[in-house]
Amino acid sequence: MNPPPDAYSSGPSRVPPNLPDYPAARAAFSWNEVRAELEGLPEGAGLNIAHEAVDRHARGARRDHVAIRWLGKDGGVRDISYGELSAASNRFANVLRGLDLGKGERVFSLAQRVPELYFAALGTLKNTSVFCPLFPAFGPGPIQQRLVRGNARVLVTSAALYQAKVAGIRPELPELQAVLLTDAPDHLDAGLLSLPRLMAEAGEEFTIPPTDPEDMALLHFTSGTTGMPKAAVHVHQAVLTHYASGRDVLDFHPDDIFWCTADPGWVTGTSYGIIAPLLHGVTMVVDEADFDAEHWYRTLDEQRVTVWYTAPTAIRRLMRLPGNPREQHDLGALRLILSVGEPLNPEAVLWGERALGLAIRDNWWQTETGGIMIANFPACAIRPGSMGLPLPGIEAAIVHVGESGAEPIEEPGVEGELALRANWPSMFRGYLHDDERYRKCFSNGWYLSGDLAKRDADGYYWFVGRGDDIIKTAGHMVGPFEVESALMEHPAVAEAGVIGKPDPLIGQLVKAFVTLKDGHVPDEETRRAILGFARKRLGSAVAPKEIEFTANLPKTRSGKIMRRLLKARELGLPEGDLSTLED
Ligand code: ATP
Ligand code: MG
């Protein structure tokens, strides 16, 4: 396995990549060496994520370096240094201690991307309590369900979110001891407290208690793309993966300005929107506002963002717009653009090169994996449509799961389930309250991802589809991603979601739901043109037989196309859990 050096532009070569030689790095890799780059708690008291992310820098040369550059919705900007972040998270940890909250107890957040959210996340980790971020656009039902399932003891939220979404369900949350309001000047009652006041009264010094690397640190609910969200448990040891992937994939260098567009309510927004950049002492941009193309381009330009981590759904939204963004904006500071969360269509990779000046680097991971597992490294050639190569320290395989369990398929090019050797530091340690489901994820020492993929002769992994989404049509197995990517190459298509629809003759027929770019009419002529185009690209066995135009595709709030919902609606079946459905 010896991938060729990068054929696509990797941007201005201002800095040499941290990982210049993939095969060599893979051969030499050891998790012990990663551990040795971290500090550990004083006097051998263990390993704590927040110590590595914040205190280590606050006590060193990076004390005055900007950790968070916060961009408020109203245009305000606040720079928070590593020293200040350390003090604020200490105060929050002292607030928890004052509430008698200890190891393993759960602190939830339901907040906009305000600085207090970041203080709370890091302060919770310092106190060895467990941080569980929720996406603030959830309605009361999904919030209640998650707070109950996660045994929430403390909730950090704003006065407005509390009134709108939590006050009404409070009687159903007997375990919830205190709600801390990020923007209330005074306490309202014994269980509804002002966080600014508590923080002002709390001390600025805090000694992190001994932390076992296996102590629970984070609880993340999955996106709910395929069904009821699961609560994945992560431990402090995960910091090794956060650190190694920040070094090797996000390629952090000391002067980087990093922007992760994911909300901390999803695992990406915590692992890479809080932890990994801080571990490397870089400056991270936190943008309180929601997606807006013009505002995003302006942020990249004005903040001189060097490394940008975003998602296919956002990229496809930018692709819809006419014109070239580089005519209005200077995107010249960028040297790396990465994407995760859904398959990244080859068309999007190339659009990045054309429109932004950099091909976009896809990477693959899940809530369960805690960090990036497969990636297009800065020094390796991108194969558009491929997720890339496994990280050093990560053993991936395509497996067949038969009667004797999971067996790796050695031959390249064969489709099977994507599996990982179950031994990496950020592997989830359980689904909370669901041991049986957790056990079912493992076989013969492999973690089974539930995604189907194949590996080419050079070791690159190619996503085929989620196990549940695979279409069986006339004896073929068709992955929706392949069909969606081909449709997106048609100039009228903005986005596509593909499902299998039961058919008496061929098992399932391939049906595509398509949204059009502005200026294209959803009429019979367009439909026929796209059908013809797809048949030419894919052959008649794989091309969709039906196309339905739609103004929007149903998506999770984290931006993933919900094919299960397209299918349920098509077939008139129950829609299942809709807690993560975008409005
Ligand atoms: P749920 O498990 O609740 O159905 P989910 O799987 O969407 O939701 P996440 O853990 O947020 O929840 O997402 C991980 C999944 O996202 C992966 O299993 C995969 O299907 C998809 N995914 C993530 N990154 C990529 C990628 N680069 N290419 C293809 N698919 C990806
Ligand atoms: Mg999943």
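Colleague: Provide a residue-level description of the domain arrangement of the protein chain, including the pertinent values.
Modeller: We note that the domain assignment places domain 1 (22–451) and domain 2 (471–571) within the protein chain. A straight line from the C-alpha centre of domain 1 to that of domain 2 covers 32 Å. Each side of the interface is counted separately: domain 1 has 22 residues, and domain 2 has 21 residues. Regarding the contact of domain 1 and domain 2, the summed buried area is about 1900 Å², with carbon and sulfur atoms giving 53% of it. When the area that domain 1 buries against domain 2 is broken down by residue, the three leading residues are Thr225, Arg316 and Arg320, summing to 30%. Counting the contacts that link domain 1 with domain 2 gives one salt bridge. One salt bridge connects Arg316 with Glu495, and the closest N-O pair in it is separated by 2.6 Å.

Colleague: Can you break down the site of ligand 1 residue by residue, with the values?
Modeller: With respect to spatial proximity, 22 residues lie near ligand 1, and among them Thr222, Gly224, Thr225, Thr226 and Thr367 are the closest. Measuring from an oxygen atom of ligand 1, one finds a side-chain N or O atom of Asp451 at 2.7 Å. The separation between an oxygen atom of ligand 1 and a polar side-chain atom of Lys560 is 2.8 Å. In the complex, the protein chains occlude 96% of the 630 Å² of accessible area that ligand 1 would expose alone. Of all elements in the fold, only β14 (361–364) and β23 (461–466) reach the threshold of two or more residues within the shell around ligand 1. A per-element tally of the shell around ligand 1 places β14 first, with three residues.

Colleague: An account of the environment of Ala486 is requested, with residue identities and associated values reported.
Modeller: Locating Ala486 in the fold gives a position in helix α16 (residues 480–488). The class of Ala486 is buried, set by a relative accessible area of 1%. Between the alpha carbons of Ala486 and Ser109 there is a distance of 40 Å; along the sequence they are 377 residues apart. Those residues within four positions of Ala486 in sequence are excluded, and the remaining contacts are Phe533, Arg537 and Leu538.

Colleague: Provide a residue-level description of empty space enclosed by the protein, including the pertinent values.
Modeller: This structure, assessed with the given rule, holds four cavities of 30 Å³ or more. Space inside the largest cavity adds up to approximately 80 Å³. Residue lining of the largest cavity: Arg316, Glu342, Pro343, Asn345, Phe481, Glu484, Met488, Glu495, Ala496, Ile561 and Arg563, and that is the complete set. Secondary-structure elements contributing two or more residues to the lining of the largest cavity are α16 and β26 (493–503). With three residues, α16 is the largest single contributor of residues to the lining of the largest cavity. Here the residues of the lining of the largest cavity are counted per class, giving five nonpolar, one polar and five charged. Built from parts of two domains, the lining of the largest cavity gets at least three residues from each of domain 1 (22–451) and domain 2 (471–571).

Colleague: An account of the environment of Ala121 is needed here, citing residue identities and associated values.
Modeller: Along the polypeptide, Ala121 turns up in helix α5 (residues 115–126). For the pair Ala121 and Pro264, spaced 143 residues apart in sequence, the C-alpha separation works out to 9.4 Å. Those residues in contact with Ala121, other than ones at most four positions away along the chain, are Phe131 and Ile274.

Rules and cut-offs
- Residues numbered from 1 in each chain as written.
- Chains lettered and ligands numbered in written order.
- Predicted model: local features only at pLDDT ≥ 70, side-chain atom pairs only at ≥ 80, totals over all residues.
- Heavy atoms only, no water.
- Domains from an automatic or database assignment.
- Contact = heavy atoms within 4.5 Å.
- Buried area = accessible area lost by both parts, 1.4 Å probe.
- Salt bridge = Lys/Arg side-chain N within 4 Å of Asp/Glu carboxyl O.
- Near = heavy atom within 4 Å.
- Polar contact = N/O pair within 3.5 Å; in protein donor to acceptor, adjacent residues only side chain to side chain.
- Areas by Shrake-Rupley, 256 points an atom, 1.4 Å probe, with all protein chains shown as cover.
- Helix = DSSP H or I, 4+ residues; strand = E, 2+ residues; numbered from the N terminus.
- Buried < 20%, exposed > 50% of the residue type's maximum accessible area, 1.4 Å probe, protein only.
- 1 Å grid on protein atoms, 1.4 Å probe; cavity = no way out; pocket = protein on both sides within 12 Å on 5 of 7 lines; lining within 4 Å.
- Points joined across faces, edges and corners; volume = space filled by probe spheres on them.
- Nonpolar A, V, L, I, M, F, W, Y, C, P; charged D, E, K, R; others polar.

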